[in-house]
Amino acid sequence: MCGRFALTATPDRAAAFLGLPELEDFPPRYNIAPTQPVLMAIAGLPRAPGSNLPDRQPMLVRWGLIPAWVKDTRAFPLLFNARSEGAAQKASFRAAMRHRRALVPASGFYEWRQSGGKRGQPYWVRPKHGGLVAFAGLIETYAEPGGSEMDTGAILTVNANADIAHIHDRMPVVIDPQDFARWLDCRTLEPRDVAELLKPAQLDFFEAVPVSDLVNKVANTGPEIQERGPEPERARRRNPGADDTQMSLFQQ
């Protein structure tokens, strides 16, 4: 699963990576949690022939997808992740898989290795060579009973590769830059046409850094939560070398 992630790149870098027009300024975010707003990118309207303007657009989305057919959100579970293997068939995600596929920019994500029934050791999982990644996302616009609309979203997950499997059995789906256009093309490509993109990241793409339990608390939002912590004893033996208050993306 993916229950926390970070986006610490500048708006200019995020926009360039995703092929977006200029983004409003926003601060680094080190501990993004479900129900908070997240930046996503979707395909925009087709551009005129010869135009060199970006054909993608940013959206600010509440992390936790609510299908359009839900009547009572209080009785509905928080869908911040979607298992990619069945998303195209599952009622909660079927429409979004067909019509509203998105990219979620991230500097990395956090995962916890369970230990004795407790939450266990947290890890900061980041691209080994730095830079940004784009998770496969889904967006659904939910119409509230009062008439207002709210854009909501989820991150697709897949079976973890060997780099991550010793920590957790799931990981976010990473869409490679050369596949951005295909993934976002909901006008001509159906879910079956992009199913092969829903796969684990290549081996050695990510590195997992043990960190302290500061990340466990949503209120901790500074860079110190990514500082390397002591290597867990069992991990050393196996591999010797080796609040919940909502936050505005544009809050300074």
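These numbers were taken from a predicted model, which means no experiment stands behind them.

A. A look at the environment of G44. One can find G44 in the loop between β3 (37–43) and β4 (56–63). Residue G44 is classed as buried on the basis of its relative accessible area of 7%. C-alpha of G44 to C-alpha of D55: the two residues are 11 residues apart in sequence and 5.0 Å apart in space. Apart from residues lying up to four places away in sequence, G44 is in contact with D55, R56, Q57 and R187.

B. Just the confidence of the model for the chain, in detail. The predicted model of the chain averages 89 in pLDDT, with 88% of residues at 70 or higher. A low-confidence stretch, residues 235–252 (pLDDT under 50), is modelled with 31 contacts involving residues beyond four sequence positions or located in other chains.

C. View of the packing of aromatic side chains. Under the defined criterion, the tally for this structure stands at 9 aromatic pairs. For the pair W63 and F80, a centre-to-centre distance of 5.8 Å together with 80 degrees between the ring planes defines the contact as edge-to-face. Residue W63 is found in strand β4, and its partner F80 is found in the loop between β4 and β5 (81–83); the two are separated by 17 residues along the sequence. Overall, the relative accessible area of 16% leaves F80 in the buried class. Relative to F135, the ring of F109 lies with its centre 6.1 Å away and its plane at 75 degrees, an arrangement referred to as edge-to-face. With a gap of 26 residues between them, F109 in strand β7 (residues 108–115) and F135 in strand β9 (residues 133–143) connect regions that are remote in the sequence. Like F109, the residue F135 is buried in the burial classification. Taken together, the ring pairs in this structure connect F5, W63, F80, F109, F135, F205 and F206 into an aromatic cluster. Positioned over the ring face of W183 is R101, at 5.5 Å from the centre of the ring.

D. Inspection of a negative patch on the surface at higher detail. On the surface, a cluster of negative charge is contributed by D12, E22, E24 and D25. Position of D12 relative to the elements: it lies in helix α1 (residues 11–18).

E. Focus on the pairing of β7. Within β7, 6 of the 8 residues are buried, which leaves the element mostly enclosed by the surrounding structure. Sheet analysis places strand β1 (residues 4–7) next to β7, joined by 3 bridges and oriented antiparallel. Following the sheet pairing, F5 is matched in β7 by F109.

Rules of the game
Residues numbered from 1 in each chain as written. Predicted model: local features only at pLDDT ≥ 70, side-chain atom pairs only at ≥ 80, totals over all residues. Heavy atoms only, no water. Helix = DSSP H or I, 4+ residues; strand = E, 2+ residues; numbered from the N terminus. Buried < 20%, exposed > 50% of the residue type's maximum accessible area, 1.4 Å probe, protein only. Contact = heavy atoms within 4.5 Å. pLDDT = per-residue confidence, 0-100. Phe/Tyr/Trp six-rings, centres within 6.5 Å; stacked < 30°, edge-to-face > 60°. Lys NZ or Arg CZ within 6 Å of the ring centre and 35° of its normal. Patch = residues over 30% accessible without salt bridge, like charges linked within 9 Å, V, L, I, M, F, W, Y side chains within 5 Å. Areas by Shrake-Rupley, 256 points an atom, 1.4 Å probe, with all protein chains shown as cover. Salt bridge = Lys/Arg side-chain N within 4 Å of Asp/Glu carboxyl O. Lys, Arg positive; Asp, Glu negative; His and termini not counted. Charge placed at Lys NZ, Arg CZ, Asp CG, Glu CD. Pairing = 2+ DSSP bridges.

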